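Observations on chain architecture
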Amino acid sequence: MTTLLKGQGQPGQDANSTLRVGITMVGAGGTDDVDSSIRAQLEDEVIQEALTSGTDLRQYSQSVEKDLRQLENLSIQDYIDKAQNIAALHHQITECDSILENMQGMLEGFLTHLSTISQEIQSLQEQSASINVQLTNRKQVHSEVSAFIDQLMVPEVMIHHILNTPVTDEHFMEQLKALNQKSKFIKEQNFRDAHSCQDVQDIVDKLTVKAVSKIREYLLQKVYQFRKPLSNYQIPQNAMIKHKFFFEFLLLHARTIAAEIHDEYVETMSKVYSSYFQSYTKQLWKLQYEEGVTRDDLMGVEDSRANSFFTKSLKSRGTVFTLGTRDSVLSPTGLTQDIIVPHTASKGEAKYPFEVLFRSQQYVLMDNGCREYIFLTEFFMVRDSDAQKLFLTVMGKTLQHVQKEVCGVVMGCYDSIALYLCVHLIHQYRLLCHKRAVPALDNHWEQLLHMIWPRFEYVVKTNIQSIQECDPSKMPSLDMRPHYITRRYAEFSGAVMVLHEKFPLEGVDTLMLQLQDEVEKVILKMAAVFHHRKDQLIFLINNYDMMLSVLSEKTREDSRECERLKELLGQRTGEYIEEVLAPHFGGMLTFVRETDHLIANNNIDALKDYEKKVVPLVRSFSSTWRKSVERLNNEVMQCFTNFRTGTVVLQRALETLITAHHTFNRILAHQAFQHLNIKGDIVNSHHLIVEAKKYKPTF
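Residues numbered from 1 in each chain as written. Predicted model: local features only at pLDDT ≥ 70, side-chain atom pairs only at ≥ 80, totals over all residues. Heavy atoms only, no water.

**Notes on the overall build of the protein chain**
Stated formally: Here a helix means four or more residues in a row that DSSP labels H or I, a strand means two or more in a row labelled E, and each is numbered from the N terminus. Whether a residue is buried, partly exposed or exposed follows from its accessible area with a 1.4 Å probe, protein chains only, as a fraction of its type maximum: under 20%, in between, or over 50%, in that order. The contact rule is simple, with two residues in contact once any of their heavy atoms fall within 4.5 Å.
Helices and strands together make up the secondary structure of the protein chain, namely 27 helices and zero strands. Across the 699 residues of the protein chain, 42% fall into the buried class. Sequence-distant contacts in the protein chain: of pairs separated by 6 or more residues, those separated by 24 or more amount to 77%.

**Regarding the packing of aromatic side chains**
The relation between two aromatic rings is expressed through the spacing of the ring centres and the mutual angle of the planes. Put simply, the test is: Note on aromatic contacts: the rings of Phe and Tyr and the six-membered ring of Trp form a pair at centre separations within 6.5 Å, being stacked when their planes are under 30 degrees apart, edge-to-face when over 60 apart, and tilted otherwise. For a Lys NZ or an Arg CZ to count as sitting over a ring, it must be within 6 Å of the ring centre and within 35 degrees of the ring normal.
For the structure on display, the rule yields 27 aromatic pairs. Taking the centre distance of 5.8 Å and the plane angle of 40° together, the rings of Trp285 and Phe354 count as tilted. Taken together, the positions of Trp285 in helix H12 (residues 255-285) and Phe354 in helix H16 (residues 354-379) put the pair 69 residues apart, joining distant regions of the chain. With relative accessibility at 3%, the residue Phe354 sits in the buried group. An aromatic cluster of at least three residues, connected via ring pairs, comprises Phe226, Phe247, Tyr265, Phe375, Phe379 and Phe380. One residue, Lys177, lies across the ring of Phe245, its end atom 5.8 Å from the ring centre.

**So, the packing of helix H10 (residues 234-242) against H16**
Rule in force here: Each axis is a line fitted through C-alpha atoms, and for a helix only the stretch in contact is used; angles between axes span 0 to 180 degrees, taken between their N-to-C directions. Roughly parallel means an angle under 35 degrees; roughly antiparallel means over 145; roughly perpendicular covers 65 to 115; every other angle is labelled oblique. By definition, turning the near helix anticlockwise from the far helix through less than a right angle yields a left-handed crossing, and turning it clockwise yields a right-handed one.
It is at 10 Å that the axes of H10 and H16 come closest, and there the two elements cross at 25°. With respect to each other, H10 and H16 are oriented roughly parallel. Judged by the twist between their axes, the crossing of H10 over H16 is left-handed. In contact with Gln234, Gln237, Met240 and Ile241 of H10, H16 contributes Arg371, Glu372, Phe375, Glu378 and Phe379.

**Topic: helix H22 (residues 533-554)**
Applied cut-off: Helix span, as expected, comes to 1.5 Å for every residue beyond the first.
Between the first and last C-alpha of H22 there are 32 Å, a value that for 22 residues agrees with the 32 Å anticipated at 1.5 Å per step. Counting buried positions along H22 gives 16 out of 22 residues, so the element sits mostly inside the fold.

**Brief notes about a nonpolar patch on the surface**
We count it as follows: Put simply, a patch holds well-exposed residues, over 30% relative accessible area, that have no salt bridge, with like charges counted together within 9 Å and Val, Leu, Ile, Met, Phe, Trp or Tyr side chains within 5 Å. What sets the accessible areas is the Shrake-Rupley method with a 1.4 Å probe; for residues, cover comes only from the shown protein chains. One speaks of a salt bridge when a side-chain nitrogen belonging to Lys or Arg is within 4 Å of a carboxyl oxygen belonging to Asp or Glu.
Taken together, the side chains of Tyr60, Val64, Leu68, Leu71 and Leu74 make up a nonpolar region of the molecular surface, amounting to roughly 470 Å² of accessible area. Structurally, the position occupied by Leu71 is in helix H5 (residues 57-81).

**As for the confidence of the model for the protein chain**
To keep things clear, this is the line we draw: As a per-residue measure, pLDDT tells how confident the predictor is, with possible values from 0 to 100.
Looking at the protein chain, pLDDT values average 83 and 88% of them are 70 or higher. The weakest mean pLDDT in the protein chain belongs to helix H1 (residues 2-5) at 36; the strongest belongs to helix H18 (residues 416-435) at 95. Scored below 50 in pLDDT, residues 305-318 makes 21 contacts in the model with residues more than four places away or belonging to other chains.

**Observations regarding the nonpolar core**
Using the following cut-off: Put simply, buried Ala, Val, Leu, Ile, Met, Phe, Trp, Tyr and Cys residues joined by side-chain atoms within 4.5 Å make one nonpolar core.
Formed by 185 residues in total, the largest nonpolar core has its most connected members in Ile452 and Tyr576. Of the residues forming this core, the biggest block, 15 residues, is contributed by helix H23 (residues 560-600).

**A short note on the side chain of Glu372**
As a reminder, the rule being used: Working convention for charge: Lys and Arg count positive, Asp and Glu count negative, and His plus the chain ends are omitted. Polar contact criterion, stated in full: a pair of N or O atoms within 3.5 Å, where within protein one must be able to donate a hydrogen and the other to accept it, and residues adjacent in sequence count only if both atoms are side-chain atoms.
Here Glu372 shows up in helix H16. Put simply, Glu372 is tucked away with no salt bridge, and the nearest opposite charge, on Arg371, sits 7.8 Å away. Of note is the side chain of Glu372, whose polar atom sits 2.6 Å from the side chain of Tyr265. Apart from the residues within four sequence positions on either side, Glu372 is in contact with Gln237, Tyr265, Met269, Tyr273, Phe391, Val394 and Met395.

**Overview of the pattern of salt bridges**
Counted according to the given criterion, the structure contains 24 salt bridges. Among the ionic pairs, Lys521 bridges to Glu518, the shortest N-O distance being 3.9 Å. In this pair, Lys521 and Glu518 both sit in helix H21 (residues 508-527), three residues apart, roughly one turn of the helix. A relative accessible area of 14% places Glu518 in the buried class. Close ionic contact of Arg572 with Glu575 constitutes a salt bridge, the shortest N to O distance being 3.5 Å. Taken together, the residues Arg572 and Glu575, both in helix H23 and three residues apart, mark about one turn of the helix. Glu575 gets classed as partly exposed once you look at its relative accessible area, which sits at 26%. Salt bridges here are not isolated pairs; linked through shared partners, they connect Arg326, Glu355 and Asp415.

**Focus on unusual backbone geometry**
Although it is not a glycine, Met381 sits at a positive phi angle of roughly 55°. With respect to the element layout, Met381 can be found in the loop between H16 and helix H17 (384-410). Owing to a relative accessible area of 39%, Met381 belongs among the partly exposed residues under this scheme. Phi is positive for Ala437, which is not a glycine, with a value near 60°. Structurally, Ala437 is set in the loop between H18 and helix H19 (442-468).

**Some details on the packing of H16 against H17**
A pair of packed helices is captured by two measures, namely the crossing angle of their axes and the spacing between those axes. Following both chains from N to C, one finds H16 and H17 inclined at 175°, their axes separated by 10 Å at the closest point. Accordingly, the angle class assigned to the pair H16 and H17 is roughly antiparallel. Residues Phe354, Phe358, Gln361, Gln362, Leu365, Gly369, Glu372, Tyr373, Leu376 and Thr377 of H16 form the contact with H17, whose participating residues are Ala387, Leu390, Phe391, Val394, Met395, Thr398, Leu399, Val402, Val406, Val409 and Val410.

Here's what the structure looks like:
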């Protein structure tokens, strides 16, 4: 390869060709161990540029060598010129190296020193943690010892207040609670055999005995205040509740004294309540109406006897079967209204129905019972069944007496509305007790319901029986006006439904359905007394309409009773319209009814049989229809006691007449009657409509 670069090639070949031939020869020789550096040199940019530009490599090589020699000479001269600087630099580098070596030694010394300091810090941390644990333990021990000493120590202020301060003072209460805590603590320590408690045991026991003595005296004094006549026992009760901790203290330290207080209170309050309610109930019953409702005041009683009863009673109260304002006792304000004070009411000679007296009695009983139950649970600290037993011990006699008195009045009562109101009062007061979280009176309410509800059922069934026993043929006077039985039923049914809608009670619907069935039956029996069907229908319509009017005012119009009466009234009204139209327009109505069916079946042959009737009917109607309508108006309006009812019936009758006449004209226009000469006599239906408008009501 060197030979080739120096130009040893064949004559006539330039250096480039010689180089290429040499390379080819080398490649052709298949030598595998060609130096890789040669290939790298050939890839150099300068060589590549020389090869591509066609420069003679020998000349190029000589030029390069010349340049290198010049550069070398220049470098040598430059090194010679800078020799002193280089020597100085070498000296400085040597000094720097020495300084860095010294710094390295210093840093290594620092590192060794820091390692020693880290060990010392770690040792200090361990000592600090140990000291902190010791301090915490000492503080805990100090706190427990201090608390222990505080619990054992009896301060002078405690001794002073327990011995000298009245029990109602706040300081006495505070020191009593503190004494209670000390006593509990000493008992616990004695159980652990702590000998240090023996030093203060005697002082605490003496203070406890003194406190028990003062508390007993105070509580017995409050209990004895209940025994004073006309005393307001709510005041001592409130005072005892304020100091209810006294009884808790007695339970813990003197159970015998606590039992004494308990027994004295129960015995005293039992007598107080029993005496109060016996006196109050006795005076309360004296305010009831002297003329009470009796068995003679039933729904089916004769009208003359009922009128005499109502005449005597209307001055002082409503009728037996009318609700009026009697349901005011069930209003939110009426339920909790102030009770009746007998001696005040007797001065004004006031009298009340049974439900008002019953409300006053039960309200004062409920109010006192709830307050007593809450007091017992808070002061004597009893719950659930224990509270129930204690409550019955206090108020059991009172409840029995009240139930006995109520039963005595109820068993002779025939005032069904009063009984029904009392049932509702019981349910309302039971709900009120539950709102106050007092279940103790539930049994009392159940007992009252077991008395009053069967009596209410009995009275209603007795009224039903009185209606069943009615004999219309024996009634002295029976006209077409609404009967007193239906009026009583309407008032009573409306009263019951008003109360039933507010608070539904099971069994009421069944009773009222039985009563309604019997009233419908007796109305039909009384209607049968009249000989003419028209009079029977007038009687039925008047009674149905009266009952429907009363019930619609008091209950919903879509109630079961109203819907039934509307159905009956509609049926009887339709039948009455046929009866009242028959004398005046019976021929035309019969003709329309018979021929309209034939026309619908296209029975022409049968229609020919009615040709003889057409002309007389048309001419008769044409000459008499105005007077007949006027007579119809007079007759209908005089038959019904209710003007509105008469007007409605008249309008329905005129509507029926106009409809029938319109059908009559349509039938006359049929081909079977077209050959008859009646066109001039036929009355236009428009004339009937105009005439009917004259009798249209203005309200």
